[in-house]
Amino acid sequence: MQSIHGVIMRKRRFVGRKKELLAMERLLTAEKEEWHILHFYGSAGMGKTVLLQQFVLMHEEKFPIIYIDCHKGFQSEQDFLVAILDQLIDKQILTTETANINVIEKLEYIAKEYDVFVLILDGLNQCQEMLDWLKDEFVKILPVNIRVYSAGRLPFDYWQKDFGFENIVKNI
């Protein structure tokens, strides 16, 4: 059953984000060599979360989208992986019978079933202690058809300075 929040979001006028939405659309159709993380940054209240939520509403019927709200401030990598697992089960991409499989292995398996699979990480500034793990371990093993969109208060400048990441992180 749809929530009141869902009704409000669908009826809400969404204006002034053509550049960002175009960049998000381009990532959906990017070739493997053009894969990148699209990271939106800026001060609180500027609409990063609304942008990501609007993108979900525009595309949730076309392909799987996992939206992870990092504003909750995960205490560990395991908490983060459990949040992904919960989303996979809630969206019926994964059944509870197969939930005991390693989350990363399951993401790899699911990615083989779809041309595009989207992972949205909102509020990454609340997970500072996990950012190195995300960059050094989690993101590096994702299949290229999993498109990653993120948002936080600060740009991923230090990711771009890391060898190999200079061309795959796009800050907007």
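Residues numbered from 1 in each chain as written. Predicted model: local features only at pLDDT ≥ 70, side-chain atom pairs only at ≥ 80, totals over all residues. Heavy atoms only, no water.

> Looking at this model, I keep getting lost on helix 4 (residues 77–90). Mind explaining?
An α-helical segment advances 3.6 residues per turn. Residues three or four places apart therefore align on the same side. If you check helix 4, its first and last C-alpha atoms are 20 Å apart, about what 14 residues at 1.5 Å a residue would give, namely 20 Å. The set of residues buried in helix 4 consists of Phe80, Leu81, Ala83, Ile84, Leu85, Gln87 and Leu88. The inward-facing, buried residues of helix 4 contact strand 2 (65–69), helix 5 (103–113), strand 3 (117–122) and helix 6 (131–138). The positive-phi residue at the C-terminal boundary of helix 4 is Gln92, with phi of around 60°. (Helix = DSSP H or I, 4+ residues; strand = E, 2+ residues; numbered from the N terminus. Expected span 1.5 Å × (residues − 1). Buried < 20%, exposed > 50% of the residue type's maximum accessible area, 1.4 Å probe, protein only. Contact = heavy atoms within 4.5 Å.)

> What's the story with the packing of aromatic side chains in this structure? I'm lost.
Under the definition given, this model contains seven aromatic pairs. Relative to Trp159, the ring of Phe156 lies with its centre 4.3 Å away and its plane at 10°, an arrangement referred to as stacked. By the burial criterion, Phe156 is buried, and Trp159 matches it. By the ring-pair criterion, three or more aromatic residues cluster together here, those being Phe74, Phe80, Trp133 and Phe138. When the ring centre of Phe165 is taken as origin, the NZ or CZ atom of Lys135, which lies over that ring, is 5.7 Å away. (Phe/Tyr/Trp six-rings, centres within 6.5 Å; stacked < 30°, edge-to-face > 60°. Lys NZ or Arg CZ within 6 Å of the ring centre and 35° of its normal.)

> Explanation requested: the packing of helix 2 (residues 18–28) against helix 3 (residues 48–59) in the structure shown.
Each pair of packed helices can be described by the angle between their axes along with the distance between the axes. At a minimum axis separation of 11 Å, helix 2 and helix 3 run at an interaxial angle of 50°. Relative to helix 3, the element helix 2 lies oblique. Relative to helix 3, the crossing made by helix 2 is right-handed. On helix 3, the residues that touch Glu20, Leu21, Met24, Glu25 and Leu28 of helix 2 are Leu51, Leu52, Phe55, Met58 and His59. When the residues that make up the contact of helix 2 with helix 3 are grouped by side-chain class, the tally is seven nonpolar, one polar and two charged. (Axes fitted to C-alpha atoms, helices over the stretch in contact; angles between N-to-C directions. Parallel < 35°, antiparallel > 145°, perpendicular 65-115°, else oblique. Left-handed = near helix turned anticlockwise from the far one by under 90°. Nonpolar A, V, L, I, M, F, W, Y, C, P; charged D, E, K, R; others polar.)

> How should I be thinking about the side chain of Arg17 in this particular structure?
Among the structural elements, Arg17 can be located in the loop between helix 1 (4–11) and helix 2. The exposure class assigned to Arg17 is buried, which follows from its relative accessible area of 12%. A distance of 2.6 Å separates a polar atom in the side chain of Arg17 from the backbone oxygen of Met46. Once residues within four sequence positions are removed from consideration, Arg17 is found in contact with Met46, Gly47, Lys48 and Leu51. (Polar contact = N/O pair within 3.5 Å; in protein donor to acceptor, adjacent residues only side chain to side chain.)

> Any chance you could explain the pairing of strand 1 (residues 37–41) here in plain terms?
Taken residue by residue, a regular strand's side chains alternate between the two faces of the sheet. In terms of burial, strand 1 is largely enclosed, as four of its five residues are buried. Alignment of strand 1 against strand 4 (residues 146–152), held across five bridges, turns out to be parallel. By the bridge assignment, Tyr41 is partnered in strand 4 with Gly152. When strand 1 meets strand 5 (residues 169–171), the two strands line up parallel, connected through three bridges. Among the inter-strand pairings, Ile37 is bridged to a residue of strand 5, identified as Val169. (Pairing = 2+ DSSP bridges.)

Keep in mind these numbers describe shape, not what the thing actually does.
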